[in-house]
Protein chains: 2
Amino acid sequence: MSLVVQKYGGSSVATAERIKRVAERIVATRKAGHDVVVVVSAMGDSTDELLDLAQQVSPFPPGRELDMLLTSGERISNALVAMAIDALGAEARSFTGSQAGVITTAVHGKARIIDVTPGRIRAALDEGAIALVAGFQGVSQDTKDITTLGRGGSDTTAVALAAALKADVCEIYTDVDGVFTADPRIVSDAAKLDTITYEEMLEMAAAGAKVLMLRCVEYARRYNVPVHVRSSYSDLLGTTVTGSMEDLSVEQALITGVAHERGEAKVTVAAVPDQPGVAAKIFRVIADAEIDIDMVVQNISRAAEGRTDITFTLPKADGPKAVRALEARREEIGFDSIVYNDQVGKVSLIGAGMRSHPGVTATFCEALAEAGVNIDIISTSEIRISVLVRDVDLDKAVQSLHAAFELGSEDEAIVYGGTGR
Amino acid sequence: MSLVVQKYGGSSVATAERIKRVAERIVATRKAGHDVVVVVSAMGDSTDELLDLAQQVSPFPPGRELDMLLTSGERISNALVAMAIDALGAEARSFTGSQAGVITTAVHGKARIIDVTPGRIRAALDEGAIALVAGFQGVSQDTKDITTLGRGGSDTTAVALAAALKADVCEIYTDVDGVFTADPRIVSDAAKLDTITYEEMLEMAAAGAKVLMLRCVEYARRYNVPVHVRSSYSDLLGTTVTGSMEDLSVEQALITGVAHERGEAKVTVAAVPDQPGVAAKIFRVIADAEIDIDMVVQNISRAAEGRTDITFTLPKADGPKAVRALEARREEIGFDSIVYNDQVGKVSLIGAGMRSHPGVTATFCEALAEAGVNIDIISTSEIRISVLVRDVDLDKAVQSLHAAFELGSEDEAIVYGGTGR
C-alpha cells in the first residue's frame, strides 16, 4: 500500500458539481488501497473576490490581515471536498495549514516553509481517513500568525507534505494533460512529455511554462519527490517529473521543449562607464527595489568610448518602478540614458541533451532567421537557450523552433481553459 | 482607561461600506482612550450561502467539516474590519477563536465554552492594538478541532471575552435601538428600556424577545458582565442589562415589558393514566429526541376517569418529530390520542415587580378578555406570565397587554430590518 498526495487547483473545485467529481476521484484512489492526502486550492475565483473585498475597505491592506482573509478560501474548499467524500461513504478530515503542521517564516504574502510536522495528518491516515489539507497556507514559527506561501503555494504545500510524509508520488491535478513540448494553444502538434527531469522542468518553468511553479519544482527536486502532473478532467497519465539528468540514457531525447514568456520587459542602461563595480551598482539598486530580474546581457559595442550598455529583463509590472529607481541614482551610476521596452517576448529551448551538441545554437538561430524573426538578446544556460524577440513575433518563433527540432506529435493536444492556484 | 468589548452582528458588516462605518466607530472608541476588543459576526448572509454550498455537496454534512466551513465566514469579516481600521490609521490585529483562546467542548455545531485564555488578546491590547476576534467559534479542548457555538454564538463569544478580560462593559451592536417594552413592529408606542436586570432579560429572551440570545444573557449573569445593547446605526444609548432584582429600588417599574413568540407549536398527550411516572415517560421520549420544550401544563379535567391530559409547547420545526416519537411509544405511555396544533402564539408579560403584586394576573386576563382573545394555556414564573393564544390573535394580545400596563412612551421607536447572528 502506497501513500499518494493529490493536489487539485481552483478550477477543479470551482463548483459543487466539480467538487463532487474530485471527491469521486479521491475515493477511487483510496478504494484502490492507497493512503491519500489531498491539498485543494480555493474555489475558482474566490481568492480574487476576497482580494476585491479587501481593496474596497483598504487601499493597502496589511499583509497579516490579508493572509487571515485569503486563507479562508482554502478552508472552505477543503471542508466542502471533505463533505463530498463523506457523502460517498469514505471518511475524510480536513485540516488548516497550521493544523497540518506547515511551519513557515513570518513574511506575510510570501512566507517560505521552514518545516512540516504532519503528526495529525499521519494520525488521520493511520485511522483510515482521507486527510485534506488547506493549501497555500501555514503558521509562522515566531509569531504564530497565519501566513500564505504566495503564488503556486498550494503546489508547494502538496510537495512539502509529500516530502514530510515520504509519499510515493505527488499528483498535481490541473487543467492540462501534462507538460508539453510547447504551448498547445500556439503549437497544434505539441507533444505531451511522459517524463521530464527536475532540471529540465526548472528551466521550462523559469522560461515561462505555467504548468508548474518554479518553487514547487525546486522543493520536489531538493527532497526528490516524484511529481505527476495530470488533468483533473481525464484519466490519462500526465507527465512525471523525476530523476536528474545524470540518470538520462544516451538514447534520451536531445531537446525537451520550447517555452515562452510574454510577461517580461527589457531595460537597457546605456553608456555606463566600462569599469568594475558599475554593474554591481545597477543590480543593487534593482535588488533594493525588491525586483526579480531574469536575463542579463552586457555587450562591448561601445568599447571604443570606454563605455558599455547593460541590458536586463524583468516582469512588466515592475518596469516603471525599476526605471524610477535607476533614474534616481543616475549621477552615482553614471549612465547616459535608460531605454525601456515592454513590446518583447522571450522564447526558450530546453533540453538536457544540448550540452553535448554545439550544433543546437546554430540550428536555433537558423530556424528563427528562416521565420524572419529578429533576435534582440541571447542568453544561455547549460541546458537552455533563451532569446528576446519582438512580442508580435513570439508565436512564430515558438512554432518555428518546435518544428526545427522535430518536437511534434501526431495526436492533437486537448486544451482546457482556466488555471488553478 | 477602561476595557470595552464590542460585538457587531452580520447585518452591521454586510457590505464594504458598512464595514468602514463600523471601523470608524471602533477607532472613535479607541481614540476616546479605551482598550477595545471587537467580535464580528460573518457578513450578512454569507453563513447561509456557505450552508447552501454544503447542502449541494452533501445531504448530511459532518459536523466537524461544517464547523471548518462556517468558521471561515467570521475570519473573513474580522480580517476586513481589521483592514478598515488600519486604513484609518489605528492598529488592529484579528484572531481566530482558537488564537483568542476560546476553548470549547467537542460538540460540533453547538459547542459550549469551557474556558477562555485570552493571552494573545491581552498582549495585543498591551501593545496598543485593537484586537478583533472571530465570533461564534472556538477550539475543542480534547480533539483540538475547530468548533462553533451555535445560534447567538458571537454574542456569547463577546460576553465570554468580556468576562475573561474583566471588561468594564460588553456592547452588543445590533439593528434595533435596544430592548423595548414590546416589539415596535407590533406596538407603535413601545418604549425603549434604559436598564433591565439579567433575570428580566432572561425571561424576555425565553419569552421570544429576539434582541439577545438566552445563552449570552445567562453567561453575562453568571460572570456579572454589564451588557449594553445598542444600535450600530446611531449613537443613541441603548439598554444596559445588569444587576439583580435584589438591587431594584421600590420605585422600580412594576412591569418590564411584553414579549411574544410565533415559533412554537402545542402538543397535547390526551387521556394518559393519572399516575406517577407517566409525565416522566413522556418527557424522556421528547428529551431522547433532543427536543427542547417550553411551556408544560397538566390539568385535572379528566380526574373522574383517573386520566389526565399533558400539554407542552416546543419549536414548530420539532413538532412532527415529537409526535412520531410519542406515537412510537403509545403502548408504553398508554395515552389515548395526540393533539398537535401549530396555529398558536405565545404572549408573555415580564416584570420583577409582579412578584409582590397579585393583581397583575387579574389585570392580565381582563386585558385579553376585553380584546376578545381566548386563553389556551397559562404558565407563570416568579416574574413572568405567559399564555398561549391563537396565532391570529397574537398581535392584538401584545397590544392590549402593553396598553393595559401602561408601558407606552411618547417618542416613536425606530425599526430597522435584518438581524445579526
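Along each chain, numbering runs from 1 in the same order as the chain's sequence is written. Each chain is given a letter, starting from A, and each ligand a number, starting from 1, according to the order in which they appear as written. For a predicted model such as this one, the threshold for reporting local features is a pLDDT of at least 70, and the threshold for listing and counting side-chain atom pairs is 80 or more; totals across whole chains, interfaces and linings nevertheless cover every residue. Side-chain measures were taken over the full set of non-hydrogen atoms in the model, leaving aside hydrogen atoms and water.

Chain A goes by Aspartokinase in an unreviewed UniProt entry, where it is assigned to Nakamurella alba. UniProt positions are given in the numbering used here, feature names are shortened, and annotations may be inferred rather than shown by experiment. Recorded in UniProt under Sequence similarities (unreviewed entry), the annotation for chain A is "Belongs to the aspartokinase family." Per UniProt, chain A carries the Function (unreviewed entry) text "Catalyzes the phosphorylation of the beta-carboxyl group of aspartic acid with ATP to yield 4-phospho-L-aspartate, which is involved in the branched biosynthetic pathway leading to the biosynthesis of amino acids lysine, threonine, isoleucine and methionine."

K.L.:
Help me understand the pattern of salt bridges, please; the structure alone is not making it clear to me.
P.N.:
Side chains bearing opposite charge may pair, as long as their charged atoms lie close to each other. Any carboxyl oxygen of Asp or Glu that lies within 4 Å of a side-chain nitrogen of Lys or Arg is treated as forming a salt bridge with it. Inspection of every chain in the model, using the stated rule, returns 44 salt bridges over all chains. Two residues, Arg330(A) and Glu327(A), come together in a salt bridge whose shortest N-O distance is 3.0 Å. Summary of the burial criterion: residues with accessible area below 20% of their type's maximum are buried, those above 50% are exposed, and those between are partly exposed, where the area comes from a 1.4 Å probe applied to protein chains only. A relative accessible area of 27% places Arg330(A) in the partly exposed class. Under the relative-accessibility criterion, Glu327(A) is labelled partly exposed at 33%. When salt bridges that share partners are traced, they join Arg64(A), Glu65(A), Asp145(A) and Arg120(B) into one network.

K.L.:
Any chance you could explain the interface of chain B and chain A here in plain terms?
P.N.:
Where interface size is quoted, it is often the accessible area lost as the parts come together. On the side of chain A, 41 residues touch chain B, which itself brings 41 residues to the contact. Accessible-area loss on putting two parts together, using a 1.4 Å probe and summing over both, is the definition of buried area adopted here. A combined buried area of about 3200 Å² lies between chain B and chain A, and 64% of that area is made up of carbon and sulfur atoms. Of all residues in chain B, Val57(B), Arg75(B) and Met83(B) give up the largest surface area on contact with chain A, accounting jointly for 23% of the area buried on that side. Inspection of the region where chain B meets chain A yields two salt bridges. Note that Arg120(A) is salt-bridged to Asp145(B), the shortest N-O span being 2.7 Å. Pairs of N or O atoms are called polar contacts if they sit within 3.5 Å, as long as, within protein, a hydrogen donor faces a hydrogen acceptor (for residues adjacent in sequence, only side-chain-to-side-chain pairs). Between the two partners, chain B and chain A, sit 14 residue pairs in polar contact (both at pLDDT 80 or more). To qualify as a helix, a DSSP run of H or I must reach at least 4 residues; to qualify as a strand, a run of E must reach at least 2; elements of each kind are numbered from the N terminus. Of all the secondary structure elements, the ones that give two or more residues to the side of chain B that touches chain A are α1 (16–31), α2 (46–57), α3 (63–87) and β3 (92–95) of chain B. The dominant element in the side of chain B that touches chain A, judged by the number of residues it contributes, is α3(B), at 16 residues. Throughout, a residue-residue contact means that at least one pair of heavy atoms, one from each residue, lies within 4.5 Å.

K.L.:
I keep staring at the sheet that holds strand β13 (residues 257–261) of chain A and nothing clicks. Help me out?
P.N.:
Two modes of strand pairing occur in sheets, parallel and antiparallel, and in both the strands are linked by backbone hydrogen bonds. Residue and element names in this part refer to chain A. Read across the open sheet, the four strands follow the order β13-β18-β20-β19; overall the sheet is antiparallel. The strands lining the two open edges of the sheet, one partner per strand, are β13 and β19 (377–381). Within this sheet the neighbouring strands show an average axis-to-axis angle of 20 degrees, counted without direction. Relative to strand β20 (residues 384–390), strand β18 (residues 344–350) runs antiparallel, the two sharing seven bridges. Strand pairing is assigned whenever DSSP identifies at least 2 bridges connecting the two strands. Every axis in this analysis is a line fitted to C-alpha atoms, fitted for helices over the stretch in contact. Angles between the N-to-C directions lie between 0 and 180 degrees.

K.L.:
Would you mind showing me how to read the sheet that holds strand β20 (residues 384–390) of chain B here?
P.N.:
All names here are of chain B. In space, the four strands of this open sheet follow the order β13-β18-β20-β19, with antiparallel pairing throughout. This sheet does not close on itself; its edge strands, each paired only once, are β13 (257–261) and β19 (377–381). Direction aside, neighbouring strands of the sheet carry axes that sit 20 degrees apart on average. In this fold helix α6 (residues 198–206) packs onto β13, β18 (344–350), β19 and β20, with an angle of close to 170 degrees to the strand it touches most, β18. Helix α11 (residues 359–370) contacts β18 and β20 of the sheet and is inclined by roughly 20 degrees relative to β20.

K.L.:
Can you walk me through the relation of the copies chain B and chain A in this structure?
P.N.:
Both copies of the chain are related by one operation, a rotation about an axis with a shift along it. The copies were overlaid by least squares, fitting only the C-alpha atoms of residues that reach a pLDDT of 70 or more in each copy. Expressed as a screw transformation, the operator carrying chain B onto chain A has a rotation angle of 180 degrees and an axial translation of 0.0 Å, and the superposed copies differ by an RMSD of 0.1 Å. Taken together, these values place the two copies in the relation of a two-fold axis. Scanning chain B for the C-alpha nearest the rotation axis identifies Ser72(B), at a separation of 2.6 Å. Same-surface contact between copies: 100% of interface residues of chain B are shared with the interface of chain A.

K.L.:
What's the story with the UniProt feature "binding site: ATP" (unreviewed entry) in chain A in this structure? I'm lost.
P.N.:
All names here are of chain A. Mapped onto this numbering, the UniProt entry annotates "binding site: ATP" (unreviewed entry) at Lys7, Tyr8, Gly9, Gly10, Thr174, Asp175, Arg185, Lys210 and Val211. Spanning 205 residues, the annotated positions stay apart in the fold, the maximum distance between their C-alpha atoms being 24.1 Å. Checked against the element boundaries, lysine 7 lands in strand β1 (residues 3–8). When its relative accessible area of 3% is taken as the criterion, lysine 7 is described as buried. A distance of 2.7 Å separates a polar atom in the side chain of lysine 7 from a polar atom in the side chain of aspartate 155. Relative to the elements of secondary structure, valine 211 occurs in the loop between α6 (198–206) and α7 (214–223).

K.L.:
Would you explain the state of the cysteines in this entry?
P.N.:
One covalent bond between the sulfur atoms of two cysteine residues makes up a disulfide. Residues and elements named next belong to chain B. A pair of sulfur atoms, both from cysteines and within 2.5 Å, is called a disulfide here. Using the criterion set out here, one finds zero disulfides over all chains in the structure. Free of any disulfide, cysteine 170 has its nearest cysteine sulfur in cysteine 216, 6.8 Å distant. When its relative accessible area of 0% is taken as the criterion, cysteine 170 is described as buried.

K.L.:
Mind showing me how you'd approach the UniProt feature "binding site: substrate" (unreviewed entry) in chain A here?
P.N.:
All names here are of chain A. The positions UniProt marks with the feature "binding site: substrate" (unreviewed entry) are Thr47 and Glu74. Spatially, the listed residues are clustered: although they cover 28 residues, their C-alpha atoms lie within 8.9 Å of one another. Of note, threonine 47 is situated in helix α2 (residues 46–57). The buried category is assigned to threonine 47, whose relative accessible area is 11%.

K.L.:
Honestly, helix α12 (residues 394–404) of chain B in this entry has me stumped. Any pointers?
P.N.:
Count 3.6 residues to each turn of an α-helix, and residues three or four apart come out pointing the same way. Residues of α12(B) that are buried: Leu394(B), Ala397(B), Val398(B), Ser400(B), Leu401(B) and His402(B). Two residues or fewer after α12(B) comes Glu406(B), characterised by a positive phi angle close to 50 degrees.

K.L.:
I keep staring at the side chain of Thr71(A) and nothing clicks. Help me out?
P.N.:
Position of Thr71(A) relative to the elements: it lies in helix α3 (residues 63–87). Residue Thr71(A) is classed as buried on the basis of its relative accessible area, which comes to 0%. A distance of 2.9 Å separates polar atoms of two side chains, one belonging to Thr71(A) and the other to Arg75(B). Discounting residues that sit within four places of it in the chain, Thr71(A) has contacts with Gln137(A), Ile146(A), Thr147(A), Thr148(A) and Arg75(B).

K.L.:
Whenever I open this one, a negative patch on the surface confuses me. Can you help?
P.N.:
Like-charged residues are merged into a patch within 9 Å and nonpolar side chains (Val, Leu, Ile, Met, Phe, Trp, Tyr) within 5 Å, provided each residue has over 30% relative accessible area and no salt bridge. Throughout, the Shrake-Rupley method with a 1.4 Å probe supplies accessible areas, and for residues the shown protein chains are the sole cover considered. Counted as positive: Lys and Arg. Counted as negative: Asp and Glu, with His and the chain ends omitted from the count. Charge positions are represented by NZ for Lys, CZ for Arg, CG for Asp and CD for Glu. Together, Asp45(A), Asp48(A), Glu49(A) and Asp52(A) line one region of the surface with negative charge. As for its placement among the helices and strands, Glu49(A) is situated in helix α2.

K.L.:
What should I look at first to understand unusual backbone geometry in this one?
P.N.:
Glycine aside, the phi torsion of most residues is negative, and most peptide linkages are trans. For Glu290(A), which is not a glycine, the phi torsion comes out positive at approximately 55 degrees. Its place among the elements puts Glu290(A) in the loop between α8 (278–288) and β15 (296–299). Glu290(A) gets classed as exposed once you look at its relative accessible area, which sits at 64%. Despite not being glycine, Asn224(B) has its phi angle at roughly 55 degrees, a positive value. Among the structural elements, Asn224(B) can be located in the loop between α7 (214–223) and β11 (227–231).

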